[in-house]
Amino acid sequence: MSIENKYRVHEVAKDFGVDTKDITDVMAEYFTAPKNHMQVLENDELNLIFDYMTKKHPVDNMEEVLNQQAAQRKAPTTQVVRQQPMGRNQKQDRRDSRRQEQKRDNKPETKPENKKQEQQSAAPQEKKFNDKKKNRRPAKPHEQRQILRPQGSGEEATSTVTTEETKQQPKGKQIHRVDTRGAGNVNLDRYDDRIDALVPQKADRMKSGKQKITRKADARRPFSNKRRQEEQEKMKRLQRQQELKKIQLKVMIPDEINVGELASRLKRTAADVIKELLKLGVMANISQTIDFDTAAIVAEEMGAKVEKEVHVTIEEKLFDESEDKEENLEPRSPVIVVMGHVDHGKTSLLDCIRKTDVAAGEAGGITQHIGAYRVKVSGRPITFLDTPGHAAFTSMRARGAKITDIAILVVAADDGIMPQTVEAINHAKAAEIPIIVAVNKIDKENADPDRVLQQLTEYGLVPEEWGGETIVCKISAKQGIGIENLLEMVLLTADMQELKANPNRQAKGAVIEAKLDRGRGPVATVLVQNGTLHAGDTVIAGKAVGRVRVMTDERGRKLENAGPSVPVEIIGLGEVPDAGDIFYAVDNERMARELVEQRKEKEKEERNKAMQKVTLENLFDTIQQGNMKELNIIIKADVMGSVEAVRSSLLKLSNEEVRVNVIHGAVGAINESDVMLAAASNAIIVGFNVRPERAAADSAHDQDVEIRLYRVIYDCIEEMEQAMKGMLDPKFKEVVVGHAEIRQTFKVSGVGTIAGAYVQDGKIVRACEVRIVRDGIVIHEGHLNSLKRFKDDAKEVAAGYECGMGIENYNDLKEGDIIESFVMEQIKP
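Parameters and conventions
- Residues numbered from 1 in each chain as written.
- Predicted model: local features only at pLDDT ≥ 70, side-chain atom pairs only at ≥ 80, totals over all residues.
- Heavy atoms only, no water.
- Helix = DSSP H or I, 4+ residues; strand = E, 2+ residues; numbered from the N terminus.
- Buried < 20%, exposed > 50% of the residue type's maximum accessible area, 1.4 Å probe, protein only.
- Contact = heavy atoms within 4.5 Å.
- Areas by Shrake-Rupley, 256 points an atom, 1.4 Å probe, with all protein chains shown as cover.
- Core = buried A, V, L, I, M, F, W, Y, C linked by side-chain atoms within 4.5 Å.
- Polar contact = N/O pair within 3.5 Å; in protein donor to acceptor, adjacent residues only side chain to side chain.
- Pairing = 2+ DSSP bridges.
- Axes fitted to C-alpha atoms, helices over the stretch in contact; angles between N-to-C directions.
- Parallel < 35°, antiparallel > 145°, perpendicular 65-115°, else oblique.
- Left-handed = near helix turned anticlockwise from the far one by under 90°.
- Nonpolar A, V, L, I, M, F, W, Y, C, P; charged D, E, K, R; others polar.
- Phe/Tyr/Trp six-rings, centres within 6.5 Å; stacked < 30°, edge-to-face > 60°.
- Salt bridge = Lys/Arg side-chain N within 4 Å of Asp/Glu carboxyl O.

Engineer: Pulling in residues and values, what's your account of the overall build of the protein?
Structural biologist: Across its full length, the protein carries 24 helices and 34 strands. Going through the 829 residues of the protein one by one, you find that 36% of them count as buried. Sequence-distant contacts, at least 24 apart, represent 69% of the contacts inside the protein between residues at least 6 apart. Split by element, the accessible area of the protein, about 52500 Å² in all, is 48% carbon and sulfur.

Engineer: For the nonpolar core, give the residues involved together with the corresponding values.
Structural biologist: Core analysis: the largest hydrophobic core is formed by 40 residues, its most contacted members being Leu533, Leu650 and Met720. With residues near it in sequence (within four places) discarded, Leu650 still touches Ile633, Ile635, Val660, Cys716 and Met720. Core analysis: the next-biggest nonpolar cluster, separate from the first, contains 28 residues, Ile336, Ile406, Ala438 and Ile483 among them.

Engineer: I'd like a description of unusual backbone geometry, backed by residues and values.
Structural biologist: Although it is not a glycine, Asn689 adopts a positive phi angle of roughly 60°. As for its placement among the helices and strands, Asn689 is situated in the loop between strand S25 (684–688) and helix H23 (694–702). Given a relative accessible area of 30%, Asn689 falls into the partly exposed group. Positive phi is not limited to glycine here, since Asp704 has a value of about 55°. Along the chain, Asp704 turns up in the loop between H23 and strand S26 (707–710). Looking at Asp704, the relative accessible area reads 71%, which means it is exposed.

Engineer: Mind laying out the environment of His783, listing which residues take part and the relevant values?
Structural biologist: Along the chain, the position of His783 falls in strand S30 (residues 777–789). When the C-alpha atoms of His783 and Glu808 are compared, they prove to be 5.7 Å apart, with 25 residues separating the residues in sequence. With residues up to four places along the chain from it excluded, the contact list for His783 reads Ala767, Cys768, Glu769, Val770, Ile807 and Glu808. A polar contact of 3.4 Å, which involves the side chain of His783, links it to the side chain of Glu769.

Engineer: Give a description of the sheet that holds strand S12 (residues 435–440) that names residues and reports values.
Structural biologist: Spatially, S9-S10-S8-S11-S12-S13 is the arrangement adopted by the six strands of the open sheet, whose pairing is mixed. Every interior strand has two partners, whereas the edge strands, strand S9 (372–377) and strand S13 (471–474), have only one. Between one strand and the next, the sheet's axes are offset by a mean angle of 30°, whatever the strand orientation. Sheet analysis places strand S11 (residues 406–412) next to S12, joined by six bridges and oriented parallel. Note on S12: the bridge partner recorded for Val410 is Ala438. Across the sheet, helix H16 (residues 419–430) is in contact with strand S8 (335–340), S11 and S12; its angle to S11 comes to roughly 165°. Docked against the sheet, helix H17 (residues 449–457) engages S11, S12 and S13, running at close to 160° with respect to S13.

Engineer: How would you sum up the pairing of strand S16 (residues 521–530)? Please name residues and give values.
Structural biologist: One face of the sheet, then the other: side chains in a regular strand alternate in exactly this way. Within S16, nine of the ten residues are buried, which leaves it mostly tucked inside the rest of the structure. Two strands pair when backbone bridges link them, and strand S15 (residues 508–517) and S16 are joined in this way by nine bridges, in the antiparallel orientation. The partner of Gly509 across the bridge, within S16, is Val528. Taking the residues that link successive antiparallel strands as the turn, the S15-S16 hairpin has three residues. By the bridge criterion, six bridges tie S16 to strand S21 (residues 566–573) in an arrangement that is antiparallel. Along S21, the bridge assignment pairs Val523 with Ile571.

Engineer: I'd love a proper account of the sheet that holds strand S22 (residues 582–586), names of residues and values included.
Structural biologist: Around the barrel, which closes on itself, the six strands sit in the order S15-S16-S21-S19-S18-S22 with antiparallel pairing between neighbours. Between one strand and the next, the sheet's axes are offset by a mean angle of 45°, whatever the strand orientation. Here S15 runs beside S22; their pairing, made up of three bridges, is antiparallel. The residue bridging Gly509 from the neighbouring strand is Phe583, located in S22.

Engineer: Tell me about the packing of helix H10 (residues 259–266) against helix H11 (residues 270–279), and please be specific about residues and values.
Structural biologist: Contact geometry of H10 with H11 gives a least axis separation of 8 Å together with a crossing angle of 110°. Taken together, the axes of H10 and H11 are roughly perpendicular relative to one another. As for the relative orientation of H10 and H11, their crossing is right-handed in sense. In this structure, H10 uses Val259, Leu262, Ala263 and Leu266 to contact H11, whose residues at the interface are Ala270, Val273, Ile274 and Leu277. Looking at side-chain class alone, the contact of H10 with H11 contains eight nonpolar, no polar and no charged residues.

Engineer: Would you mind going over the packing of aromatic side chains in detail, with residue names and values included?
Structural biologist: As enumerated under the stated definition, the model contains two aromatic pairs in all. Here the aromatic rings of Phe16 and Phe50 are separated by 5.8 Å at their centres, their planes lie at 55°, and the arrangement is tilted. Of the two residues, Phe16 sits in helix H1 (residues 9–16) while Phe50 sits in helix H3 (residues 43–56), which places them 34 residues apart along the sequence. When its relative accessible area of 33% is taken as the criterion, Phe16 is described as partly exposed. Ring centres of Tyr30 and Tyr52 lie 6.1 Å apart, and the angle between their planes is 65°; on these two criteria the pair is classed as edge-to-face. Note that Tyr30 is positioned in helix H2 (residues 20–30) and Tyr52 in helix H3, a separation of 22 residues in sequence.

Engineer: Give me the lowdown on the pattern of salt bridges, citing residues and values where you can.
Structural biologist: On inspection of all chains with the given rule, the structure shows 29 salt bridges. A salt bridge links Asp51 to Lys234; its shortest N-O distance comes to 3.6 Å. Here Asp51, found in helix H3, pairs with Lys234, found in helix H9 (residues 216–246); they are 183 residues apart in sequence, far enough to count as distant. Residue Arg590 pairs with Glu594 through a salt bridge whose shortest N-O separation is 3.7 Å. Taken as a pair, Arg590 and Glu594 lie in helix H19 (residues 589–610) at a separation of four residues, close to a single helical turn. For Arg590, a relative accessible area of 56% translates into the label exposed.

Quick look at the structure:
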């Protein structure tokens, strides 16, 4: 509550109808005693006094109090008019009137007839006086005088006669006065009703203009009404708070909430919430976000009951992640990936399996670009994945896509375990899939399968022959030895895993490979892991969404349905998804497109966050990075897996001085937009198994944009390394050429001091760098300005000869100084 005017101790006591001492005692008990009754009270002191007086003076029956106040208003009151100072003439008139009063009091009582006549004569005189009074202007205060006479009952009656009337009357004429002693019989209620009827009209007139307040009591009255209204509002507010305390407030709080929003939900002010946060040691403003735990503690401190608010995301609405019931599950075929070191026979093994498939009666071969195919072994289908290298497999695992069920690790019997083999073992273990080791090339003369088994134990793969759990098959992909046994082991391992899926639900799976086809648009190879994918389904994969227009198998045949563990190629996505993205078949296409927009926005925000802002902590690192050079690269490839592989390989080339920055990577031919981006960002375009369009090639030639085309990734990495070496700052080393001793000095006007020196060792070369050494201390380092032998300029002076030397901008040369000659040679990176 705010009090705009000064409110003093005696005024508070008067408004409450108590003594000033009572208010002083309350102040002394809870605050400090006031100095005197004129002390101005503060807001908190007034609030305390109001609360105290409200509690200590309760009213049992409010109706009775209101009736008493109404009776007091209706009771007649005697008005005592303050006498004005009288002049000389007024005093004389006062004396004359007193003499007349005494004479009349001394006269004997008149008869009733005379009295009746007197009343009759007085009646018209009184009427005449009242009519005259109505027509006359109101007398001013200094024009009035008062005559007080005692009545028979002991009360005072007031008779007012204006001085103006007195002046107008002649001296000898009798003065008529009105007897007001019988005024007690006047019906005052009639006048009260008249006043009540006039008040609203007067109040309406006063609203339009300013009110002039002449008396201090009148000046205090409206503020007193305002204080009473504020008190009533405060009491209502306290009552509401007590009602809220009785009914505990329930608050729904999400994982993160704004301080202002929390205050709104708690029905409190933001200042109250910030105070509670300060008690917990949390500095927060009204727009800052706090977590659920902190908000819950604050809400409980304020007496609210907390419930966690659960937000249902678009993913939860779109995707059905419920567990399948056991009766709905059906057996599915295993998914196999073949891994191993380069030249250990992976491709040969796949070709051998394909021949086995053809020999079994299946028509057609393998469409390699799809990256996946199916073969039948003993009437049971097996899906093989041709993953594009380890980088793509790692990215799939990192995204949580458990694509394969079993990994075949191919190890050459003559080479043994190699670095890429170890990397493949780590990938398979991280994906938590069983490993079947295929020891290949056992038909070679220098093959040593036992050494391979020994090396496998070092990496936690103990063969079954040695009491372990790892299945090891000795094969020869060229000769076709052990292939049937290997496939039987694969089926046995799959049976042990009891692979099952529910075909009667919406499809879910992973993107194996994706590319941009000139005629068909974005093409994605996907593996259905659960459910069944139908032609015409709406599919969302990462940041790509679309409707399946055409669905084909590895032989190019159109399919209407694809069940679990079936790889298919789909057409109809809006853009090329990333390899390893999880795809879902959904019902609501509008919501799916909204989700894609959210994912794109989130990726953009993360990209902006990657641009680190400068703080005091990272200021030095940022300054150092400013000295670092950047090599911007744009990658275009035929398939998305190749883009990932090239990107990861080039990023590994970054070092302390040059940083590789891949600003764009996509599939398809090199177009004009790529050239424009390269020209704006000063980048190099790297094409992998793609060619530039004619318009793009012409634009690159005009804008001096370099386009490098490769078919082998190793050539790309090697050339990038060479380019980075060219960007390195050249490094120099100091090579001492020779030493010379100063034996005599000559001062030449206009030139300076010339040193006559004897070359001790090496040689002195013209325009080389020199260092002056005096008593073993270097006193100057500069440039050799001139070198002469006798009077002729010399290119160099060998050891054992004398020469004259002039040092650039240095003349403090003395006999006995040693001049050390050296050059700076560049070190090749």
